[in-house]
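Results of the structural survey
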Amino acid sequence: EAGVTQFPSHSVIEKGQTVTLRCDPISGHDNLYWYRRVMGKEIKFLLHFVKESKQDESGMPNNRFLAERTGGTYSTLKVQPAELEDSGVYFCASSQDRYGRAYNEQFFGPGTRLTVL
Amino acid sequence: AQSVTQLDSHVSVSEGTPVLLRCNYSSSYSPSLFWYVQHPNKGLQLLLKYTSAATLVKGINGFEAEFKKSETSFHLTKPSAHMSDAAEYFCVLDSGGYQKVTFGTGTKLQVIP
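First, a word on what this report is: a plain description of the structure on this page. Keep in mind that what you see is a predicted model, and the values were worked out from it rather than measured.

**A look at the overall build of chain B**
Each helix and strand counted, chain B has zero helices and twelve strands in total. Secondary structure elements in chain B, listed N-terminal to C-terminal, are β-β-β-β-β-β-β-β-β-β-β-β. The C-alpha atoms of chain B give 13 Å as radius of gyration, which agrees with the globular expectation for 113 residues (13 Å, within 12%). With the principal axes as the frame, chain B shows a C-alpha extent of 45 × 30 × 20 Å. Every one of the 113 residues in chain B was classed for burial, and the buried ones make up 46%. Here chain B displays about 5,500 Å² of accessible surface, and carbon together with sulfur accounts for 51% of that area. Side chains of chain B give 9 positive and 8 negative charges; the mean places of these two sets differ by 5 Å.

This is the structure in structure tokens:
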């Protein structure tokens, strides 16, 4: 069974540009999460999808970030326009639990390292 | 409010010696606690989890952790370190309900040959 995949693995862009990160969860997982780790800091929750619906987007930093999950399969996270402080590693995770409870194990992707110059 | 504190950002051990990675938590509810490991260029992998069953939890690769409510701790241990254990380890707290999970800042484990 394929794990959670993320694309690209690395992205280097200039301030003001747009970047779109993609996450493909494990097939059949209803729950999809985005997290971010800024250098030296803890991993922080961004948002949670249940199928195609946003269950919780309270962790999204500002309106420059837009996440979508059309059809309830893969998800994209777009940053437009990117700022220097957006640099970090963006992780995606998926889980099968229909209640979205973390105790049912979230499976993580390898992350996308975003560098904004 | 919930929080997780990983007391050491870096731990260095010799191969074959015991590993101790410390984690303390704060939660208003009965928590679920996890340890994840991340090897370079890989995703986070679940090592073990505590979900209010046995307080001593055994995980993969010989790791185990003990939930101590009185000390609000969930330290990760392994009797004998292997070179392949070198990685970053994250303690994660889930307080249940609609609370988001909370990550510790991570501990980088170095294993010296």
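**Concerning the pattern of salt bridges**
Pairs may arise between side chains of opposite charge once their charged atoms sit close together. Summed over all chains, the structure comprises ten salt bridges over all chains. A salt bridge links R64 of chain A to E85 of chain A, with the nearest nitrogen and oxygen atoms 4.0 Å apart. Here E85 of chain A lies in the loop between β8 (75-79) and β9 (88-95) and R64 of chain A lies in the loop between β6 (53-56) and β7 (65-68), a separation of 21 residues in the sequence. With relative accessibility at 13%, the residue R64 of chain A sits in the buried group. Residue classification places E85 of chain A among the exposed positions, given a relative accessible area of 53%. Where K58 of chain B meets E64 of chain B, a salt bridge forms, and the shortest distance between an N and an O atom there is 2.8 Å. For K58 of chain B, a relative accessible area of 64% translates into the label exposed. Here the residues in one salt-bridge network are R36, R64, E85 and D86 of chain A, joined through shared partners.

**Regarding the sheet that holds strand β1 (residues 5-7) of chain A**
Each strand in a sheet pairs with another by means of backbone hydrogen bonds, the pair being arranged parallel or else antiparallel. Residue and element names in this part refer to chain A. Taken in spatial order, the four strands of this open sheet run β1-β3-β8-β7, and their pairing is antiparallel. Two strands in the sheet have a free side with no partner beyond their single neighbour: β1 and β7. Sheet twist, expressed as the mean angle between neighbouring strand axes with direction ignored, is 15°. Direction of pairing for β7 relative to β8: antiparallel, over a ladder of four bridges. Bridging across to β8, F65 finds its partner in V79.

**Some thoughts on the state of the cysteines**
All names here are of chain B. Considering all chains together, one arrives at two disulfides over all chains under this definition. Two residues, C23 and C91, share a disulfide whose sulfurs are 2.0 Å apart. With the S-S bond torsion at -65°, the cross-link from C23 to C91 turns out left-handed. Placement of the pair is C23 in strand β4 (residues 23-26) and C91 in strand β10 (residues 87-94), with a sequence separation of 68 residues. Per residue, the accessibility class of C23 equals that of C91, and both read buried.

**Re the pairing of strand β3 (residues 19-24) of chain A**
On a regular strand, one side chain projects to one face of the sheet and the next to the other, so that they alternate. Residue and element names in this part refer to chain A. Only one face of β3 is covered, namely the face carrying V19, L21 and C23; the face carrying T20, R22 and D24 is uncovered. In terms of strand pairing, β1 meets β3 through three bridges, oriented antiparallel. Bridging from a neighbouring strand, F7 pairs with R22 of β3. The sheet contact formed by β3 and β8 spans five bridges and is antiparallel. By the bridge assignment, T20 is partnered in β8 with K78.

The rules we used
- Residues numbered from 1 in each chain as written.
- Chains lettered and ligands numbered in written order.
- Predicted model: local features only at pLDDT ≥ 70, side-chain atom pairs only at ≥ 80, totals over all residues.
- Heavy atoms only, no water.
- Helix = DSSP H or I, 4+ residues; strand = E, 2+ residues; numbered from the N terminus.
- Rg over C-alpha atoms; globule rule 2.2 N^0.38 Å.
- Buried < 20%, exposed > 50% of the residue type's maximum accessible area, 1.4 Å probe, protein only.
- Areas by Shrake-Rupley, 256 points an atom, 1.4 Å probe, with all protein chains shown as cover.
- Lys, Arg positive; Asp, Glu negative; His and termini not counted.
- Charge placed at Lys NZ, Arg CZ, Asp CG, Glu CD.
- Salt bridge = Lys/Arg side-chain N within 4 Å of Asp/Glu carboxyl O.
- Pairing = 2+ DSSP bridges.
- Axes fitted to C-alpha atoms, helices over the stretch in contact; angles between N-to-C directions.
- Disulfide = S-S within 2.5 Å.

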